[in-house]
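Tertiary structure, described
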Amino acid sequence: MERSLQTKSSDKFKIIDQLTYEKIQQNSSTANTGANASIRNAKYKRKSGVPSDLLNLVKPSNVAKKKSHLKLKRVIDTAVKNGLKHRGKQRENGRKKKKSRLKKRILRHRESEEKQEQRINEFEDVLQQLTTLTISPKQSEVTPKRSIHSNRFCDYCDNCTTTQLVQLTDQLLRELNHFQRRAYAIHELKAKAHRRFVIGFREVQSFLRIKKIKLVLIATDCDPFAGQAGLNQSIASIKALCKDQQIPVAFALQRRQMAYALYKKALIGCVGIINYDGSQVLFSQLLAALKEAQNAYLWLVQQTNKGTKEIEEYQ
């Protein structure tokens, strides 16, 4: 019975309403027209201006818009940041660093020097207007006096700044700074008790009085000025103490170079080396280079003195 039912096909399933039949016909007609209307010729597409890719008609989503907006913002931010770069930390309402007594005295000395120069210039202008200077032919031929010292190599320096001396001092400072930092990282209290070097004129003087310093490094471009508790006086006192204790004094690096070697932002004028264990070879090489530089300085001084004497005799 089951097999007979499966093989037989009933006519009930073939019966369809008129409405459904009409709908089926309409759908079939539209499908045929769409297939026939599709453009197959490439030339016709170009002339008609019909877009070949359907992806061009698709509207961009909101996510894509947001991404493009973010990209523009980032570009603007980076441009602004590159234009307003600052070195180091900055605070919005940070306090200004207090000037030390020595710095205040230096600034006062500079102001007084500038005022004196202005007065001298004014006086010279007045003299030129009033009188006419007569210059002899001999004086015109005479060359001006040569001076060894300058703003970068001041009068208190006793040795030439040779390349070897500069390199050795830089290496020694870097090595000692490395040792000291390592000691601070291991045990801070012990490192403070057993320091490798000391920075600053005041600390160097105090440690010289205790007789703990082995070598003194002074910058070649300090701002010396005469007066009570000035840099001239402090440098002279350091030199005198070093002579009494037979401690070498080297004038090799500038203030900025010393700060760069010790990873400091502020300029450094003086460094006193207390312990140079671990870099004995460098220390001995530095002393040898220092002697050569001192001899070269003495030779230069002699040459300049000879030149000045010849000029005076000629006049």
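The present account deals with the structure reproduced in this document. This structure is a prediction, so every number in the text was calculated from the model and none was measured.

Next up on the list: the overall build of the protein chain. In terms of helices and strands, the protein chain carries 12 helices and 4 strands. For the protein chain, the residues scored as buried account for 22% of the 315 residues in total. Within the protein chain, contacts between residues separated by at least 24 positions form 79% of all contacts whose residues are at least 6 apart in sequence. Summing over all exposed atoms, the protein chain offers an accessible surface of approximately 26100 Å²; the carbon and sulfur share of this is 52%.

Quick look at the sheet that holds strand E2 (residues 215-218) now. Strand order across the open sheet formed by 4 strands is E1-E4-E2-E3, with mixed pairing between neighbours. In the strand order of this sheet, the two ends are held by strand E1 (197-199) and strand E3 (249-250), each with one partner. In this structure, E2 lies alongside strand E4 (residues 270-273), joined through 4 bridges in antiparallel fashion. Bridging across to E4, Val216 finds its partner in Gly272.

Phe201, Val204, Gln205, Phe207 and Leu208 are the residues of helix H9 (residues 201-210) that are buried. Looking at the buried side of H9, the elements it contacts are E1, E2, helix H10 (231-245) and E4.

Here the focus is unusual backbone geometry. Across residues other than glycine, the phi torsion is negative in most instances, and most of the peptide bonds are trans. At Gln246, a position not held by glycine, the phi torsion is positive, near 60°. Within the element layout of this structure, Gln246 appears in the loop between H10 and E3. Phi is positive for Tyr263, which is not a glycine, with a value near 55°. Residue position: Tyr263 is located in the loop between helix H11 (255-261) and E4.

Our focus in this paragraph is helix H7 (residues 163-186). Spanning 24 residues, H7 covers 35 Å between terminal C-alpha atoms, matching the ideal 34 Å at 1.5 Å per step. Turning to H7, its buried residues are Leu165, Leu168, Thr169, Leu172, Leu173, Leu176, Asn177, Phe179 and Gln180.

Within the largest apolar cluster, 52 residues are counted, with the highest numbers of intra-cluster contacts made by Tyr156, Phe201, Val216, Leu217, Ile218, Ile238 and Val271. Per element, the largest residue contribution to this core is 7 residues, and it comes from helix H12 (residues 280-314). Residue contacts for Val271: discarding those within four places in its chain leaves Leu173, Phe197, Val198, Val204, Leu215, Val216, Leu217, Met258 and Leu262.

The next subject is the pairing of E4. Of the two faces of E4, both are covered, the one formed by Cys270 and Gly272 as well as the one formed by Val271 and Ile273. With 3 bridges joining them, E1 and E4 adopt antiparallel strand pairing. Counterpart to Ile199 in the pairing with E4 is Val271.

Before going further, it helps to examine the side chain of Ser279. Secondary-structure assignment places Ser279 in the loop between E4 and H12. We classify Ser279 as buried; its relative accessible area is 3%. For Ser279, the residues in contact, after removing those within four places along its chain, are Glu175 and Leu176.

Rules and cut-offs
Residues numbered from 1 in each chain as written. Predicted model: local features only at pLDDT ≥ 70, side-chain atom pairs only at ≥ 80, totals over all residues. Heavy atoms only, no water. Helix = DSSP H or I, 4+ residues; strand = E, 2+ residues; numbered from the N terminus. Buried < 20%, exposed > 50% of the residue type's maximum accessible area, 1.4 Å probe, protein only. Contact = heavy atoms within 4.5 Å. Areas by Shrake-Rupley, 256 points an atom, 1.4 Å probe, with all protein chains shown as cover. Pairing = 2+ DSSP bridges. Expected span 1.5 Å × (residues − 1). Core = buried A, V, L, I, M, F, W, Y, C linked by side-chain atoms within 4.5 Å.

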